[in-house]
Amino acid sequence: RSGSFVPAVVIGTGYGAAVSALRLGEAGIPTLMLEMGQLWNKPADDGNVFCGMLSPDRRSSWFKSRTEAPLGSFLWLDVINRDIDPYAGVLDKVHFDQMSVYVGRGVGGGSLVNGGMAVVPKRSYFEEVLPRVDAAEMYDRYFPRANSMLKVNHIDKGWFEETEWYKFARVSREQAGKAGLGTTFVPNVYDFDYMRREANGESPKSALATEVIYGNNHGKQSLDKTYLAAALGTGKVTIETLHQVRAIHQQPDGSYVLSVDQIDTAGQTVAHKEISCRHLFLGAGSLGSTELLVRARDTGALPDLNAEVGAGWGPNGNIMTGRANHVWNPTGAHQSSIPALGIDDWNNPTAPVFAEIAPMPAGLETWVSLYLAITKNPERGTFVYDKATDRAALRWTRDQNTPAVNAARSLFDRINKANGTMYRYDLFGPQLKNFSDDFCYHPLGGCVLGKATDGYGRVAGYHNLYVTDGALIPGSIGVNPFVTITALAERNIERIIAEDVKAA
Ligand code: FDA
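Attention here is on the structure that accompanies the text. Note that the structure is a prediction, hence the values are computed from the model and not measured. (Residues numbered from 1 in each chain as written. Predicted model: local features only at pLDDT ≥ 70, side-chain atom pairs only at ≥ 80, totals over all residues. Heavy atoms only, no water.)

Along its length, the protein carries ten helices and 19 strands. Relative to its length of 504 residues, the protein is compact, with a C-alpha radius of gyration of 22 Å against a globular reference of 23 Å. Principal-axis analysis of the C-alpha atoms places the extent of the protein at approximately 70 × 50 × 45 Å. Counting across all 504 residues of the protein, residues that qualify as buried make up 60%. Long-range contacts, defined here as pairs at least 24 residues apart, represent 71% of the contacts in the protein between residues at least 6 apart. (Helix = DSSP H or I, 4+ residues; strand = E, 2+ residues; numbered from the N terminus. Rg over C-alpha atoms; globule rule 2.2 N^0.38 Å. Buried < 20%, exposed > 50% of the residue type's maximum accessible area, 1.4 Å probe, protein only. Contact = heavy atoms within 4.5 Å.)

With that settled, consider the pattern of salt bridges. Summed over all chains, the structure comprises 31 salt bridges. In this structure, Asp344 engages Lys122 in a salt bridge whose closest nitrogen and oxygen atoms are separated by 2.9 Å. Taken together, the residues Asp344 in strand β11 (residues 341-345) and Lys122 in the loop between β4 (100-104) and α2 (123-129) connect sequence positions 222 residues apart. Arg295 is the partner of Glu291 in a salt bridge, and the nearest nitrogen-oxygen pair spans 3.5 Å. One end of the pair, Glu291, and the other, Arg295, are both in helix α8 (residues 285-298), four residues apart, so they sit about a helical turn from each other. We classify Glu291 as buried; its relative accessible area is 13%. (Salt bridge = Lys/Arg side-chain N within 4 Å of Asp/Glu carboxyl O.)

Going through the model one piece at a time under the given rule, you end up with four cavities of 30 Å³ or more. If you add up the space inside the largest cavity, you get close to 60 Å³. Lining the largest cavity, in full, are Trp40, Phe50, Ser111, Leu112, Gly215, Asn216, Lys220, Ser222, Asp224 and Lys225. A class-by-class count of the residues in the lining of the largest cavity yields three nonpolar, four polar and three charged. (1 Å grid on protein atoms, 1.4 Å probe; cavity = no way out; pocket = protein on both sides within 12 Å on 5 of 7 lines; lining within 4 Å. Points joined across faces, edges and corners; volume = space filled by probe spheres on them. Nonpolar A, V, L, I, M, F, W, Y, C, P; charged D, E, K, R; others polar.)

Glancing now at the nonpolar core. Considering soluble globular proteins, one finds that nonpolar side chains tend to be buried as a cluster. Residues Val9, Leu150 and Leu280 are the most contacted members of the largest nonpolar core, which totals 97 residues. Among the elements that make up this core, the one with the highest residue count is helix α10 (residues 482-501) (ten residues). With sequence-adjacent residues up to four places away left out, Val9 is seen in contact with Leu32, Leu34, Leu258, Ile275, Cys277, His279, Leu280 and Phe281. Ranked by size, the runner-up nonpolar core spans 62 residues in total, among them Tyr87, Ala340, Leu341 and Leu411. (Core = buried A, V, L, I, M, F, W, Y, C linked by side-chain atoms within 4.5 Å.)

Turning next to the environment of Ser222. Mapped onto the elements, Ser222 comes out in the loop between α6 (192-199) and α7 (227-233). Put simply, Ser222 and Ala471 are 249 residues apart on the chain and 20 Å apart in space, counted from C-alpha to C-alpha. If near-sequence neighbours (up to four positions away) are discounted, Ser222 is found in contact with Ser111 and Leu112. A polar atom in the side chain of Ser222 sits 2.5 Å from the side chain of Asp224. (Polar contact = N/O pair within 3.5 Å; in protein donor to acceptor, adjacent residues only side chain to side chain.)

Before going further, it helps to spend a moment on the packing of helix α3 (residues 135-149) against α10. Close contact between α3 and α10 brings their axes to 8 Å; oriented N to C, the two are set at 115°. It follows from the interaxial angle that α3 and α10 lie roughly perpendicular. Seen along the crossing, α3 lies across α10 with a hand that is right-handed. Here α3 contributes Glu137, Met138, Arg141, Tyr142, Phe143, Arg145, Ala146, Asn147 and Met149 to the contact with α10, which in turn contributes Val483, Thr484, Thr486, Ala487, Leu488, Glu490, Arg491 and Glu494. Broken down by class, the residue content of the contact of α3 with α10 amounts to eight nonpolar, three polar and six charged. (Axes fitted to C-alpha atoms, helices over the stretch in contact; angles between N-to-C directions. Parallel < 35°, antiparallel > 145°, perpendicular 65-115°, else oblique. Left-handed = near helix turned anticlockwise from the far one by under 90°.)

With respect to spatial proximity, 36 residues lie near the ligand, and among them Glu35, Gly110, Met117, Gly470 and Phe482 are the closest. Measuring from a nitrogen atom of the ligand, one finds a backbone N or O atom of Met36 at 3.2 Å. The backbone of Met117 places a nitrogen or oxygen atom 2.8 Å from a nitrogen atom of the ligand. In isolation the ligand has 1000 Å² of accessible area, and contact with the protein removes 94% of it. Those elements that provide at least two residues to the shell around the ligand are α1 (15-26), β4, β7 (243-250) and α10. Among the residues forming the shell around the ligand, the class breakdown is 15 nonpolar, 18 polar and three charged. (Near = heavy atom within 4 Å. Areas by Shrake-Rupley, 256 points an atom, 1.4 Å probe, with all protein chains shown as cover.)

The following block contains the structure:
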């Protein structure tokens, strides 16, 4: 065992973590980031850092012997997933009893594997979800700051209308229009100028080569290229990879001690470390940060954590569905993997839905229209510590997703009716199923702002202990969440550095 002290430790390298580390570094605070995944910057034998979606290899998945793609089947055939060697790959699917959650693993967290959609929530809904956060300050200062740091950009509308790569989105827009539904362009962190060069054959293809959930080799401005590069540039921030934090406890002098396992890419533990710090920031994501705190509370390591730790979890109302188009209405063999359009029915008083029009980049015509619907599901889950496995278990039942499925159904029933089309039943596994209600991409909550923490993410019951990530948001935000996570982290860290860290 080796022991060392650093003034500040940030656990994880996703959005909340990256923001916190940058601002700490700028304030001159030596900061160590601990990330369980790898740094994705070395090309493998095929010359690429990441593998593609159509022929995934071990780089795709976090210690799985078979890939676990969101669309598990096509015409009910198990043609999508592949056997692979267990490895410290980039995408994890964490399985709880009745819900599975996709998360990114590596320097950049979810930014490595996500669709890059960078959406500021509707202000009225933000105010409803986080009533005690000053919305004026968020919309005037922190959302713009997040958008500019994340390099959010907009697709050229002229190009969108003419390119074959977004035919799938135009088809879905027209069909939504027939049902009286409007669409909106969705900003992204994928560089749309780069994408146009891909389309023109001037640059290596990434979004136009089906890359996304197992990483993009080009074009995406993931956190390693934005916030984390800037953080390292301060000269005060260091990142240790393949370092998994297992436990947290506190010393009599108030400092925190982390028990950390260093692993290799085959998953073997190569070292145990004890790292202590004065200020500890949890940015391990909704699942990761919540698990660390639930474990700390219920093993007695941090007994003063309150009963709100673990509560208020939700999947942001995520439901996927697919529609079958008529043969005369193809969606295109060539589809960009980066979505650019959403059906916006959030102001619907009975069943609000924001549905991104998702690609199905299969390299051949499928006549499928695919969607990720974000709905307003009031149901919440709770993480509880399971002593036998030393893990946090998620109390969430499948039927808690019924309100989300019903909302999605009411929207897509309208679209099907207006177009004389049907659902696809073959995409989500071996059984007949037209809605995916058992997995999500947007885990939110577990350490809710103002409940498990104060109004700035300071964990209740402790000093110098902070949550900075998606765990702060109470289960729903109505749009894809990373811009909100980033902006909230910007707001919180500014206050914490001014009041806690500089004062110390
Ligand atoms: P995030 O999950 O990003 O980072 C946590 C990091 O901590 C990870 O790198 C993890 O490995 C590490 N970690 C966890 N436990 C640890 C431990 N014990 N020790 C050390 N390290 C640990 N959102 C959006 O706004 N637009 C979009 O288009 C999409 N699309 C999308 C697609 C897919 C496939 C996924 C999986 C997700 C999305 N999302 C999305 C969701 C988005 O990526 C997600 O909300 C954010 O990444 C969450 O940011 P956080 O800062 O909360 O943690």
